[in-house]
Every structure is written in C-alpha cells, then in structure tokens.
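# Topology and contacts: notes
Spelled out from the first residue to the last, the chains are:
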Amino acid sequence: MRLRLHLTSPLGHGLELEATAEDYLELLREWGAKGYRPAPPPPGGYVLPLACAGCFDWAFLGARELDGETVEAFGFRWRRRHLAGRRDLPEVVKFSRGAWQFEEEGVEGKRQGYVTLVRFEGPGDCGGTWCRAGQGGR
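Nothing here was measured: the structure is a model prediction, and the numbers come from that model.

### Observations regarding the pattern of salt bridges
Applying the stated criterion across every chain, the model contains 10 salt bridges. Note that Glu72 is salt-bridged to Arg64, the shortest N-O span being 2.9 Å. Exposure remark for Arg64: the relative accessible area of 49% places this residue in the partly exposed category. Taking the shortest distance from any N to any O, the salt bridge between Arg132 and Glu65 comes out at 4.0 Å. Residue Arg132 is found in the segment after β9 (114–121), and its partner Glu65 is found in strand β4 (residues 64–67); the two are separated by 67 residues along the sequence. The class of Glu65 is partly exposed, set by a relative accessible area of 40%. Linked through salt bridges whose partners overlap, the residues forming this network are Arg2, Arg4, Glu16 and Glu18.

### Side note on the confidence of the model for the chain
The predicted model of the chain averages 85 in pLDDT, with 88% of residues at 70 or higher. The secondary structure element of the chain with the lowest average pLDDT is strand β8 (residues 107–108), at 58, and the one with the highest is strand β5 (residues 70–73), at 94.

### What about the environment of Thr8?
Residue placement: Thr8 occurs in strand β1 (residues 2–8). Thr8 sits 23 residues away from Trp31 along the chain, and the two C-alpha atoms are 9.8 Å apart. Not counting chain neighbours up to four residues away, the residues in contact with Thr8 comprise His13, Gly35, Tyr36 and Arg37.

### Some details on the pairing of β4
Alignment of β4 against β5, held across three bridges, turns out to be antiparallel. The residue of β5 that forms the bridge with Arg64 is Glu72. Connecting β4 to the antiparallel partner β5 that follows it, the hairpin turn spans two residues.

### Side note on the side chain of Lys94
Of note, Lys94 is situated in strand β7 (residues 92–98). You can call Lys94 buried: its relative accessible area is 10%. Side-chain polar atoms of Lys94 contact the side chain of Tyr114, separated by 3.5 Å. Among all residues touching Lys94, those that are not within four sequence positions of it are Arg79, Arg80, Arg81, Leu83, Tyr114, Thr116, Val118 and Arg119.

Conventions we followed
- Residues numbered from 1 in each chain as written.
- Predicted model: local features only at pLDDT ≥ 70, side-chain atom pairs only at ≥ 80, totals over all residues.
- Heavy atoms only, no water.
- Salt bridge = Lys/Arg side-chain N within 4 Å of Asp/Glu carboxyl O.
- Buried < 20%, exposed > 50% of the residue type's maximum accessible area, 1.4 Å probe, protein only.
- Helix = DSSP H or I, 4+ residues; strand = E, 2+ residues; numbered from the N terminus.
- pLDDT = per-residue confidence, 0-100.
- Contact = heavy atoms within 4.5 Å.
- Pairing = 2+ DSSP bridges.
- Polar contact = N/O pair within 3.5 Å; in protein donor to acceptor, adjacent residues only side chain to side chain.

In structure tokens, the structure reads:
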C-alpha cells in the first residue's frame, strides 16, 4: 500500500511524498526535523495520551523545542501548561498560545483567549510511536 504525505515547507511551499505503511513515520520525522509540517492543527489541537507528554517528538509537527516549556511551530511559539487533575477534571498537559484578534478558527477559552496546538490527556500508552528515538511513554 502506498501513502501520500502532504507537507508544507517553512516558507509555505507544498511538498508531496510517497511512502509505505512501514516508512511513513520515519519520513514524517525526517522532513519534520527540517521544518516541514502537516496541515494546521484542528480546532482544539491534536490529542494524544498523557503518557506521551514527556517523550513526544516535535518533528512530527515540523516543530522544534526551544526549551522544556516552549515549542516553535506553524509560525508561533506555544507555551507548556500543566493542569493538575482535580475533582471531575483529568490531568492535562497542553501547549497553547494567546489568540490574535483576527483569529476565529480554533480559538477557545474564556473570551476566546487562546489556541491549543496539542493536548496530552487521558489514559493510553504512547507505545513509542510518537516518542523521540530511544524513548517510550510510561
């Protein structure tokens, strides 16, 4: 089975790659490390298990980690926020940024104040799929 990956360069140029089911993750990681990214995040951001929060490979999003608290992706800087679980709310680690006045899509929160890139929440095992090389989820 052949897969087609549609990526965007850091300057906005489209790139189409053919992959197999076996090598598409490595191609995503390789081109993502060069700054190539997938389509913009969906409203509310990508959602992965909480176990992936410490090992996620940002190259899959064409992003780079600036430090443990900040990631640069899609032309913005996203800050890490850790929301401890309490009562009926689960523990969540997310990377989000403040919204601009002109933005409508993907904006959430009180008075439409922020946009989320990725949320790590809930049960599940990373299984090493989305982790940096040599690391695995808990």
